[in-house]
Amino acid sequence: MRKRNLNLSLIRLFAVLSLNTCFAQGDIDGMRQLIFEKTNALRTEKGLPKLILLDSLMDLAQMHSENMVKYHFYDHVDHLGLNPVDRAEKQKVKAWVRKGNRFTGVAENIAKTPWFENVRGCGDTRSAESLTNCMLKGWKNSPPHYKNILGDFTHLGVGLYFDKEGIGFGTQNFR
């Protein structure tokens, strides 16, 4: 009887943990849109123009987020050794933009944020709103990432994907 109760308890625990992860994975498009909107809100606070959503950059960012989960890495250089510009060129996405006398390549922000009840500095991130707030907070508190957000870019793509533990891997590609 004790063994049966223990087995039932373990099954219930697994089901609850699976539901939390499944829920996080279920609203990826909505969370990607929130990240896009919150990024533009940071820009408009500083008097900068809003970035334009670009489908090809959305696809590029989403592919990188999914690859970080699928191939178990967390880096701007992917499992094939490609950086953001290399990945853009490989996917036939315009990787360089001329601005005056210089060319600017695709820039990238990445983040890992858990779907969890007690994330240091963020609290409970088990909602789309709180998880995206936490991700943006991390980028805002990191000078190189914040520089990209406020940079001289016109377009943005956002990717997000969760691993089986409920860790959200976010990617922003700027051009």
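Here's a quick rundown of the structure. (Residues numbered from 1 in each chain as written. Predicted model: local features only at pLDDT ≥ 70, side-chain atom pairs only at ≥ 80, totals over all residues. Heavy atoms only, no water.)

### Let's talk about the sheet that holds strand β1 (residues 52–53)
Taking strand neighbours across the sheet as the criterion, the four strands line up as β1-β5-β6-β4 in an open arrangement whose pairing is mixed. Two strands bound the open sheet, and with one partner strand each, they are β1 and β4 (107–114). In terms of strand pairing, β4 meets strand β6 (residues 167–174) through eight bridges, oriented antiparallel. Considered in β6, the bridge of A107 is made with F174. Of the strands in this sheet, β1, β5 (155–162) and β6 touch helix α2 (residues 28–45), which is tilted by about 140° from β5. In the packing of helix α5 (residues 128–140) onto the sheet, the strands contacted are β4, β5 and β6, and the crossing angle to β4 comes to about 130°. (Pairing = 2+ DSSP bridges. Helix = DSSP H or I, 4+ residues; strand = E, 2+ residues; numbered from the N terminus. Contact = heavy atoms within 4.5 Å. Axes fitted to C-alpha atoms, helices over the stretch in contact; angles between N-to-C directions.)

### Some points on the pattern of salt bridges
When their charged atoms lie close together, side chains carrying opposite charge are able to pair. In the structure shown here, the tally under the stated rule is five salt bridges. When the shortest N-O distance is used, the salt bridge between D152 and R102 registers 3.9 Å. With D152 in the loop between α6 (143–149) and β5 and R102 in strand β3 (residues 102–105), this pair connects stretches of sequence that are 50 residues apart. Between R126 and D124 there is a salt bridge, and its shortest N-O distance comes to 2.7 Å. For D124, a relative accessible area of 34% puts it in the partly exposed group. (Salt bridge = Lys/Arg side-chain N within 4 Å of Asp/Glu carboxyl O. Buried < 20%, exposed > 50% of the residue type's maximum accessible area, 1.4 Å probe, protein only.)

### Structural notes on the side chain of E108
Looking at where E108 falls in the secondary structure, it is placed in strand β4. Exposure remark for E108: the relative accessible area of 6% places this residue in the buried category. At 2.9 Å, the side chain of E108 and the side chain of H76 are in polar contact. Among the polar contacts listed, one links the side chain of E108 to the side chain of R87, at a separation of 2.5 Å. Setting aside anything within four residues of it in sequence, one finds E108 in contact with H64, H76, P84, R87, N148, T171, Q172 and N173. (Polar contact = N/O pair within 3.5 Å; in protein donor to acceptor, adjacent residues only side chain to side chain.)

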